[in-house]
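Here are the chains, one letter per residue:
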Amino acid sequence: MPESASRRDVAIDWTRCDFSHGHEGGRVTSHFFNALSLFFPLGEKFFVHSVRHYRRAIRDPRLARDVTVFIGQEAMHSREHREYVEAMRTQGHDPDACDVRLLDRPLEDVTPEERLAITAAMEHFTAALSRSMLLTPNFEQAPELRKLWVWHACEELEHKSVAFDVFREQIGGGWRGYRMRCVAAVTASRLFLPQLLANHARLLQADTGWSLLRCRWAAFRHAWLLPGVLLRLLPDFLRWFRPGFDPADDDDRALLARIQADPLLRPVFAHDDSRVSGS
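Here the structure is a predicted model, which means the values were calculated and not measured.

### Quick look at the packing of aromatic side chains
The relative placement of two aromatic rings is captured by the distance of their centres and the angle of their planes. Under the criterion given, the structure shown has 16 aromatic pairs. Summarising the aromatic geometry, the rings of F32 and F33 are spaced 5.8 Å apart at their centres and angled 80 degrees between planes, so their arrangement reads as edge-to-face. An aromatic cluster is built from W14, F19, F32, F33, F40, Y84 and W149, whose rings are joined through pairwise contacts. The ring of W240 is capped by R181, whose NZ or CZ atom sits 5.1 Å from the centre of that ring. The side chain of R214 reaches across the aromatic face of W210, ending 3.8 Å from its centre.

Below, the structure is given as structure tokens:
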């Protein structure tokens, strides 16, 4: 994690956000981002708890510092996406009709090791999606929503290796660690991907009045055909299954520096470490 990474308190003016037309790609693309946002309040909480379980056992001082920043950043993401979902309700959308479960079994039936492996896998996926978004010029047209997604995406890239490094230190590598992280990736994607598309279709149908079949096709087409936002991530997904994989192999420093130097976004990345230690 970069030394400059910190917990940043970002304020979004939700009254300026139109969730039906927040993206230049129209309602289909706008509701993809809305469907994605629905997972973050509980998802980020899951990630924080999974890593925090091992916090006192971490031996590497640098990793301990990275975990503190990770927890602080993820807590802020969870807060802002809770407000995002509430703002959607205010505009008449129905996020409660969507399924945002991360697992298909009770959390108490999932061991801490499994939770950490799932978190490491999901952090890799969100980093890949974040990189893809940041490399797409003006991917979010509405200024406040662009601010939210750019901030979130940059911090995902900053802490992309933290859960993986905790897993490697606490669980270990070798065949057992490799098998666990492969199973975790399949477990997470098997439920998350179909739910994401189903929620995308639900939000789109409620907003447009189109038939459910048309909305499901629109969600599938957007994800896997044109523009293929998930199809573009397939090489990153497959790299996870390489035995020697390490998230740090992707050098995102130049991309982060370019994005964070944008005068319009510079205030978003003002460092605020004042509350990190209490996370």
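### Let's talk about the pattern of salt bridges
Counted by the stated rule, this structure contains 25 salt bridges. For R168, the salt bridge is made with D165, and the minimal N-O distance between the two is 2.8 Å. On the criterion of helical spacing, the pair formed by R168 and D165 is a turn pair, its members being three residues apart in helix α5 (residues 162-170).

### A short note on the side chain of E123
On the secondary structure map, E123 appears in helix α3 (residues 112-134). With no salt bridge to any partner, buried E123 finds its closest opposite charge in R131, at an N-O distance of 11 Å. The contact partners of E123, leaving out residues within four places of it in the chain, are E44, F47, F70, E74, E156, H159, K160 and A163.

### Let's talk about the environment of A219
Assignment of secondary structure puts A219 in helix α7 (residues 212-224). Using a relative accessible area of 2% as the deciding quantity, one classes A219 as buried. Remark: the alpha-carbon pair of A219 and A201, spanning 18 residues in sequence, is separated by 5.8 Å. Excluding residues that lie within four positions of it along the chain, A219 makes contacts with L197, H200 and A201.

### Details of the confidence of the model for the protein
For the protein, per-residue confidence averages 92 on the pLDDT scale, and residues scoring 70 or more make up 95% of the total. When the criterion is pLDDT under 50, residues 274-279 qualifies, and its contacts beyond four places in sequence or with other chains add up to twelve contacts.

### Digging into helix α2 (residues 61-90)
Compared with an ideal rise of 1.5 Å per residue, which puts 30 residues at 44 Å, α2 spans 44 Å between its outermost C-alpha atoms and is within 8% of the ideal. Of the residues that open α2, the one with a side-chain oxygen 3.0 Å from the backbone nitrogen of R62 is D60.

### A few points about the environment of G25
Summarising the element assignment, G25 is placed in the segment before α1 (27-52). Judged by relative accessible area, G25 falls into the partly exposed class, the value being 43%.

### A look at the packing of helix α4 (residues 143-158) against helix α9 (residues 253-260)
Between α4 and α9, whose axes approach to 11 Å, the crossing angle comes to 155 degrees. Relative to α9, the element α4 is oriented roughly antiparallel. Taken as a pair, α4 and α9 cross one another with a handedness that is left-handed. Contact residues: α4 offers V150, C154, L157 and E158, while α9 offers L255, L256, I259 and Q260. Grouping the amino acids of the contact of α4 with α9 by side-chain chemistry returns six nonpolar, one polar and one charged.

### Observations regarding α4
For α4, with 16 residues, the first-to-last C-alpha span of 22 Å sits near the 22 Å given by 1.5 Å per residue. Among the 16 residues that make up α4, 14 are buried, leaving the element largely enclosed by the rest of the structure.

### Comments concerning the environment of A128
The residue A128 is located in helix α3 in this model. Residue class for A128 comes out buried when judged on its relative accessible area of 5%. Between the C-alpha atom of A128 and that of L157, which follows or precedes it by 29 residues, the distance is 8.3 Å. Non-local contacts of A128, meaning those with residues more than four positions away in its chain, are made with L233 and D236.

Cut-offs and rules
Residues numbered from 1 in each chain as written. Predicted model: local features only at pLDDT ≥ 70, side-chain atom pairs only at ≥ 80, totals over all residues. Heavy atoms only, no water. Phe/Tyr/Trp six-rings, centres within 6.5 Å; stacked < 30°, edge-to-face > 60°. Lys NZ or Arg CZ within 6 Å of the ring centre and 35° of its normal. Salt bridge = Lys/Arg side-chain N within 4 Å of Asp/Glu carboxyl O. Helix = DSSP H or I, 4+ residues; strand = E, 2+ residues; numbered from the N terminus. Buried < 20%, exposed > 50% of the residue type's maximum accessible area, 1.4 Å probe, protein only. Lys, Arg positive; Asp, Glu negative; His and termini not counted. Contact = heavy atoms within 4.5 Å. pLDDT = per-residue confidence, 0-100. Expected span 1.5 Å × (residues − 1). Polar contact = N/O pair within 3.5 Å; in protein donor to acceptor, adjacent residues only side chain to side chain. Axes fitted to C-alpha atoms, helices over the stretch in contact; angles between N-to-C directions. Parallel < 35°, antiparallel > 145°, perpendicular 65-115°, else oblique. Left-handed = near helix turned anticlockwise from the far one by under 90°. Nonpolar A, V, L, I, M, F, W, Y, C, P; charged D, E, K, R; others polar.

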